[in-house]
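Remarks on the overall topology
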Amino acid sequence: MNVIMLAPGYPGEMPYFCRALAQQGAKVYGLSDVAYKDLPALTRENLSGYLHVASFTDEDAVVRQVVQAVGANTIDRVVCMWEPGVLLAARLREALGTPGQGVEQATTFRNKDVMKQVITKAGLRTARHAAATSIAQVKEAAESIGFPVIVKPIAGAGSMDTFRAGSMAELEAELAKVTSYDEVNVEEFIEGDEYTYDTICVDGEVKYENVCFYRPNPLIARTHEWISPQTLALRDLSPAPVAGGIALGRSVLEAMGFQTGFTHMEFFWTPKGEAVFGEIAARPPGAHTVDLMNFVGDVDLFMGYAEAELKGTFSQSTERKYNACNIFKRAQGQGRITRIEGLQHLMERYGEHIVHIDLLPVGAERRNWVLTLVSDGYVVVRHPDLQACMDISDAVGTELRLVAG
Ligand SMILES: Nc1ncnc2c1ncn2[C@@H]1O[C@H](COP(=O)(O)OP(=O)(O)O)[C@@H](O)[C@H]1O
Ligand SMILES: [Mg+2]
């Protein structure tokens with residue numbers, strides 16, 4: 001099978017997807033905006049060819065270049081696991097006559113307003129919402145939806161440029177700070193805990209599913225630097241919030257008409273016990289969550305995905321043995337990491353449950369914690385018992401300290 005993979009080197013998990021596709025028998029042709037020599041070694045080792053384009057933003061030019069490079073060859077799949085490339089991948093499928101998600105469906109996965117229209121039409125619960133392209137429209141939408149509201153870019157990711165406003169005065173103050181977006185979505189503020197619902201599907205059938213609990217909600221985590229945000233993959237999928245979210249998620253996939261590949265949905269669980277749709281993407285979750293899911297069942301979902309995509313089967317185990325938690329760390333102070341404190345003590349107490357450590361080393365420049373959830377590194381904890389997993393994760397959150405300056 002000939003597979004075109006967009007962005008085969010970035011984000012960090014992509015080389016593993018690239019390798020898995022090759023190991024499942026595909027010839028993988030990479031497509032991205034970096035020079036071949038700058039791709040990760042693992043990506044290069046698993047590519048059968050590579051097309052370097054100047055930029056992903058000029059989609060017309062990329063489509064022309066790819067069509068020309070492909071010539072009379074057949075492309076069996078175009079895959080993209082990176083959010084900004086999802087629509088371009090759909091355009092390429094249409095231009096090349098390749099099966100899989102087309103432009104119309106990809107748009108419903110990328111545009112937060114169109115997405116919510118589809119969900120509402122299917123009779124599923126989501127925030128009341130309106131798209132707006134001017135300050136006047138934002139204010140008008142907020143008035144009719146009612147405060148508090150959330151305002152966010154229509155095709156955003158990672159809580160970027162997203163804010164909550166409790167009143168018209170707060171809304172005006174926030175809008176005064178914003179300079180950059182063209183179109184926004186204004187939404188009713190939903191009170192509740194936030195979870196993910198992640199799947200691998202084949203022809204519309206869910207073959208693998210997962211739920212993660214965000215501690216705390218992403219917008220809060222993104223607002224306060226001192227927080228060590230956690231993504232906690234839950235072993236038990238039967239308690240009410242989890243089962244309620246899964247039922248909602250399955251209906252959402254059906255309403256969206258999703259067929260084959262990875263999906264990543266977010267939902268709220270309200271104090272009244274209702275699952276409310278947040279958003280959905282036609283790609284795996286980021287921030288090392290695929291590895292986190294792998295730790296839950298000692299499986300390889302890179303291979304599981306590749307098998308589903310190429311062969312239409314899924315043979316990884318779906319047994320859930322552990323709760324697994326990513327704890328993301330942000331250093332105190334600016335500049336370079338100067339010390340890491342508390343790690344040895346944590347390892348002495350909980351070592352057998354700490355399954356992965358990936359922290360910036362002393363001397364490294366801090367990352368921008370607003371731009372990347374992974375921040376200055378992360379630790380993975382896993383335990384069969386949920387409370388124990390949360391206790392150890394909280395200990396990592398408070399007792400492990402990275403200091404910069
Ligand atoms: N309608 C809403 N009600 C309450 N919180 C929201 C709402 N929309 C977004 N948020 C908060 O903002 C975060 C980011 O919004 P989201 O729609 O997930 O966009 P993205 O993750 O693509 O930036 C959410 O995880 C949530 O914490
Ligand atoms: Mg989100």
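Position numbers for residues count from 1 along each chain, tracking the sequence in the order it is written. Just so you know, chain letters begin at A and ligand numbers begin at 1, following the order they were written in. The model is predicted, so local features are restricted to residues of pLDDT at least 70 and side-chain atom pairs to those at 80 or more, both for listing and for counting; the totals for chains, interfaces and linings are taken over all residues.

1. Quick look at unusual backbone geometry
Quick note on the threshold: A run of H or I in DSSP becomes a helix once it reaches four residues, and a run of E becomes a strand once it reaches two; helices and strands are each numbered from the N terminus. Note on burial: count the other C-beta atoms lying within 10 Å of the residue's C-beta; 20 or more is buried, 12 or fewer is exposed, in between is partly exposed, and C-beta positions come from the backbone.
The peptide bond linking Phe147 to Pro148 adopts the cis configuration, its omega dihedral lying at -5°. Within the secondary structure, Pro148 sits in the loop between helix H7 (135-145) and strand E6 (149-153). The phi angle at Ala7 is positive, at roughly 50°, despite the residue not being glycine. Along the chain, Ala7 falls in the loop between strand E1 (2-6) and helix H1 (14-23). Overall, the presence of 25 C-beta atoms within 10 Å leaves Ala7 in the buried class. Phi at Asp203 takes a positive value of approximately 50°, unusual for a residue other than glycine. Tracing the sequence through the fold places Asp203 in the loop between strand E9 (193-202) and strand E10 (205-215). In this structure Asp203 comes out as exposed when scored by C-beta crowding, with 9 C-beta atoms within 10 Å.

2. Focus on the sheet that holds E10
Just so we agree on the cut-off: One bridge is not enough; two strands pair if DSSP finds at least two bridges between them. An axis is simply a line fitted to the C-alpha atoms; with a helix, the fit covers only the stretch in contact. Between two such axes, the angle follows the N-to-C directions and lies from 0 to 180 degrees.
Overall, antiparallel pairing links the eight strands, which are arranged E13-E12-E9-E10-E11-E14-E17-E16 in an open sheet. A strand with exactly one partner marks an edge of an open sheet, and here the two such strands are strand E13 (275-281) and strand E16 (354-359). Sheet twist, expressed as the mean angle between neighbouring strand axes with direction ignored, is 20°. Bridge count for E9 against strand E12 (residues 261-269) is nine bridges, and the pairing is antiparallel. Bridge pairing links Thr199 to Thr263 in E12.

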